[in-house]
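# Reading the structure
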Amino acid sequence: MQGVVQQIVSGLATGGVYASLALALVLIYRSMEALNFAQGEMAMFSTFIAWELITVVHLNYYLAFAITIAVSIAGGFLIERIVIRPVEKAPPLTVVLVTLGLFFVINGVAGLIWSYVIKPFPGPPGFPQAPIEFGGVSVGLQDLFLIGMTVVLLVILYAFFQYTKLGLAMRAAALYPDTSRLLGVRTSRMLALGWGLAAGVGAVSGMLIAPIEFLDPNMMQPILLYAFAAAVLGGIENPVGAVVGGFVVGVLLALIGTYVPGARDLRLAFGLVIIVAVLMVRPGGLFGRAHVARV
Amino acid sequence: MRFAGLSARAWGTAIVLLVIALLAPLFLLDRFNTIQFAYVWALAIALIGLNVLTGYSGQISLGNGAFMAIGAYTTAILYFKLKVPYGLTILPAGLIAGLAGYLFGFPALKLSGLYLALATFALALSASPVIKNFDALTNGHEGIVLPTVTDPFGFGLTNEQWLYYLALVIAVLLFVFARAMLGGATGRALRAVRDSETAAAASGISLSQFKTMAFGVSAFYAGIAGSLYATITAYVSPDSFDLPLSLSLLVGMVLGGLATLAGPVVGAAFVVWLPIFAQQAFHNKPDISYGVILVLLMFLLPQGIVGGVRQLLAWYRRRSSDGEPTAEAADLGPAAPPHAAERGTGGS
């Protein structure tokens, strides 16, 4: 029983990582109805920047964390301006293919700069992975940090979109682009800002998972798949759904990896099964609304 | 002067190209290039299949590399476990992959556009870990070494030349088969499904039948290509069937779609040669080049793959009717893919 609880906690921790990357995907989906296949690679690149800051420049972990997020937001903004803007008005599938192109460019560039050799990444100081006893259940402090960060991220984003003028403008630009433009909202720039925010959120997911999974240019590919599963499960337009979906996928994978013999390597395929099953049974996800297509 | 739907000039071009392809390994190509062109023919088969799926039935697949893996491993396992000669494994490889694709077509029926891209992306990512997991059958990470293939008929061909002709003959057969299928009622039904599902269904076309069939045919082609790939390489390993393979197929199809009547061959040549050039020029994996090319193609082809293929078809039809511009181009309708209309544009 304690074993199960322990697995659930560590599942929630990695689930938090899937949740934050899923949040990033949802941010972009809400602003342009496209899936960003390069989200994971962008997060990986951000994590390498953090690694550079921590191990080469010897910055404090938390300072490096903050700088990385800021740099990622700027980077995401620029990527949108340069690469996505020309296809902003194109069908979603075109945008998808552009993001797939980005996927390979970012992965290749990271490989050129940092090589494909696996590197260790420091965990957050003050939150050692050494477990503490907690009513007979031992829980890693770092796991708690992961769960906490995800919740904080969700609260910050919620507050941003709900209570700031910029957040309101971004929501308006996504929902009613033409009306917003008439009212003086720079809709295209709001899109770029959405990409910036998504890159920042994705950077957090990368920095959180790197101490566990280690750092290499391919590290985010499975995470991206689980994040897609999480986003689809929660309803691709719903940030709260994405976070819940992330936690659910994390716990499911942890339990299956531990208790189903021989299933550890099949976790990626399990992500595929979740995606296909959810889309078939309930295409809107747990929290989404059903779409009605007009003929 | 038309025969089997082609003008005399198109027939002439096809025959000249075929003769060049038949003579090339004897007079033009060294051993290295002969093998590379054997790969070109094998990949061209996969691209024809992908074209049936995306170009004709309008469904995208980022995961056809997984079906190639099924084909390659069918050949490898049949040899490795049962000592079946490779020549007898090619058709089963295609059939098993085709069956898998047909079955995958059923969940895919419910998914359109973005979601299908997502599901097939997951399929592409899952292939290699699944192969590794069943190591009793697939030999896991280590892969399976296949025997070197030699000319069985004693024509005096080198191993490379034999592989080249094997791949070429199968590619030509499958090309003819695809043309025959797409030129007839099946092709019309598939195009109708692509252009408007509602209109197609109203005309009595079974959407599920044709869409799953397109997935099956596309996977069958991918399976044959995978089997040939395994035979040419004489080795299969899980890492050969990763995401970049599926993506390179996509890049090859988009690029090929821009070219002349031998689109898949041009695309396949590109996919085979790009990594070699990338290695020589940048000492790097081809990933960056694939990525840049994909992004640039999308900039130049704002209507996306489907629109591009449609433009190609319009252009091709005009061309194959002996240069006379016809009214056919007009009834192609708007070039935007169906899902754009479904979603409405911008702020409607």
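From a predicted model like this one, the values you see are computed outputs, not experimental measurements.

What counts and what doesn't
- Residues numbered from 1 in each chain as written.
- Chains lettered and ligands numbered in written order.
- Predicted model: local features only at pLDDT ≥ 70, side-chain atom pairs only at ≥ 80, totals over all residues.
- Helix = DSSP H or I, 4+ residues; strand = E, 2+ residues; numbered from the N terminus.
- Buried ≥ 20, exposed ≤ 12 C-beta atoms within 10 Å, placed from the backbone.
- Contact = placed C-beta atoms within 7 Å.
- Rg over C-alpha atoms; globule rule 2.2 N^0.38 Å.
- Core = buried A, V, L, I, M, F, W, Y, C linked by C-beta atoms within 7 Å.
- Axes fitted to C-alpha atoms, helices over the stretch in contact; angles between N-to-C directions.
- Parallel < 35°, antiparallel > 145°, perpendicular 65-115°, else oblique.
- Nonpolar A, V, L, I, M, F, W, Y, C, P; charged D, E, K, R; others polar.
- pLDDT = per-residue confidence, 0-100.
- Left-handed = near helix turned anticlockwise from the far one by under 90°.
- Expected span 1.5 Å × (residues − 1).

A few words on the overall build of chain B. For chain B, the count of helices and strands is 15 helices and four strands. The proportion of buried residues among the 348 residues of chain B is 49%. Of all intrachain contacts in chain B linking residues separated by at least 6 positions in sequence, the fraction that spans at least 24 positions is 76%.

Along chain A, the regular secondary structure elements total eleven helices and two strands. Here the C-alpha atoms of chain A give a radius of gyration of 19 Å, agreeing with the 19 Å that 2.2 N^0.38 yields for 295 residues. Based on the C-alpha atoms only, the size of chain A along its principal axes is roughly 60 × 50 × 35 Å. Taking all 295 residues of chain A together, the buried fraction comes to 54%.

Membership of the largest hydrophobic core comes to 209 residues, with the highest contact counts inside it found for Leu23(A), Ile275(A), Ile45(B) and Ala167(B). The contacts of Leu23(A), once residues within four sequence positions are left out, are Leu153(A), Leu154(A), Leu157(A), Val201(A), Pro239(A), Ala242(A) and Val243(A).

The next thing to look at is the packing of helix 5 (residues 141-163) of chain A against helix 8 (residues 187-213) of chain A. Residues and elements named next belong to chain A. Contact geometry of helix 5 with helix 8 gives a least axis separation of 11 Å together with a crossing angle of 175°. When the interaxial angle is binned, helix 5 and helix 8 end up roughly antiparallel. Contacts from Gln142, Leu146, Met149 and Leu153 in helix 5 reach Val201, Val204, Leu208 and Pro211 in helix 8. Residues of the contact of helix 5 with helix 8, tallied by class, amount to seven nonpolar, one polar and no charged.

Bringing the confidence of the model for chain B into the picture now. All names here are of chain B. Mean pLDDT for chain B: 80, with 83% of residues reaching 70 or above. Here residues 323-348 scores under 50 on pLDDT; set against residues more than four positions off or in separate chains, the count is 43 contacts. The ipTM, which scores confidence in the relative placement of chains, is 0.86 for this predicted complex, and the corresponding pTM is 0.84.

Moving on: the packing of helix 2 (residues 31-56) of chain B against helix 7 (residues 159-183) of chain B. Residue and element names in this part refer to chain B. Between helix 2 and helix 7, the least distance of the axes is 8 Å, while the angle of their chain directions is 20°. Taken as axis vectors, helix 2 and helix 7 run roughly parallel relative to one another. Helix 2 and helix 7 meet at a crossing whose hand is left-handed. Here helix 2 contributes Arg31, Thr34, Ile35, Phe37, Ala38, Trp41, Ala42, Ala44, Ile45, Ile48, Val52 and Tyr56 to the contact with helix 7, which in turn contributes Glu160, Gln161, Leu163, Tyr164, Ala167, Leu168, Ile170, Ala171, Leu174, Phe175, Ala178 and Leu182. In the contact of helix 2 with helix 7, the residues fall into 20 nonpolar, two polar and two charged.

Before going further, it helps to examine the interface of chain B and chain A. In this assembly, 42 residues from chain B lie in contact with 44 residues from chain A. Residue contributions to the side of chain B that touches chain A peak at 15 residues, all from helix 5 (residues 113-133) of chain B.

This brings us to helix 8 of chain A. The periodicity of an α-helix, 3.6 residues per turn, causes residues three or four places apart in sequence to face the same way. Residues and elements named next belong to chain A. The first and last C-alpha atoms of helix 8 sit 38 Å apart over 27 residues, in line with the 39 Å expected at 1.5 Å per residue. With 22 of its 27 residues buried, helix 8 lies for the most part within the structure. Positive backbone phi, at 70°, marks phenylalanine 214, one or two positions downstream of helix 8.

Considering the arrangement of structural elements, one finds Trp11(B) in helix 1 (residues 8-27). Linking Trp11(B) and Asn133(B), residues 122 residues apart in sequence, is a C-alpha distance of 49 Å.

Scored by pLDDT, chain A has a mean of 88; 96% of the residues are at 70 or more. No element of chain A has a lower mean pLDDT than strand 1 (residues 131-134) of chain A, at 74, and none a higher one than helix 2 (residues 39-56) of chain A, at 96.

Let us now look at the environment of Ala269(A). Residue placement: Ala269(A) occurs in helix 11 (residues 267-281). C-alpha of Ala269(A) to C-alpha of Val57(A): the two residues are 212 residues apart in sequence and 39 Å apart in space. Beyond its immediate stretch of four places on either side in the chain, Ala269(A) contacts Ser126(B), Pro129(B) and Val130(B).

As a further point, take unusual backbone geometry. Even without being glycine, Glu33(A) reaches a positive phi, approximately 50°. Structurally, Glu33(A) is set in the loop between helix 1 (2-32) and helix 2. Given 16 C-beta atoms within 10 Å, Glu33(A) falls into the partly exposed group. The residue Lys83(B) is not glycine, and still its phi comes out positive at about 60°. By secondary structure assignment, the location of Lys83(B) is in the loop between helix 3 (64-82) and helix 4 (90-109).

Let us now look at helix 1 of chain A. Residues and elements named next belong to chain A. Under the 1.5 Å per step criterion, the end-to-end length of helix 1 is 44 Å for 31 residues, consistent within 8% with the ideal 45 Å. In terms of burial, helix 1 is largely enclosed, as 23 of its 31 residues are buried. Among the residues trailing helix 1, glutamate 33 stands out with phi positive, at a value near 50°.

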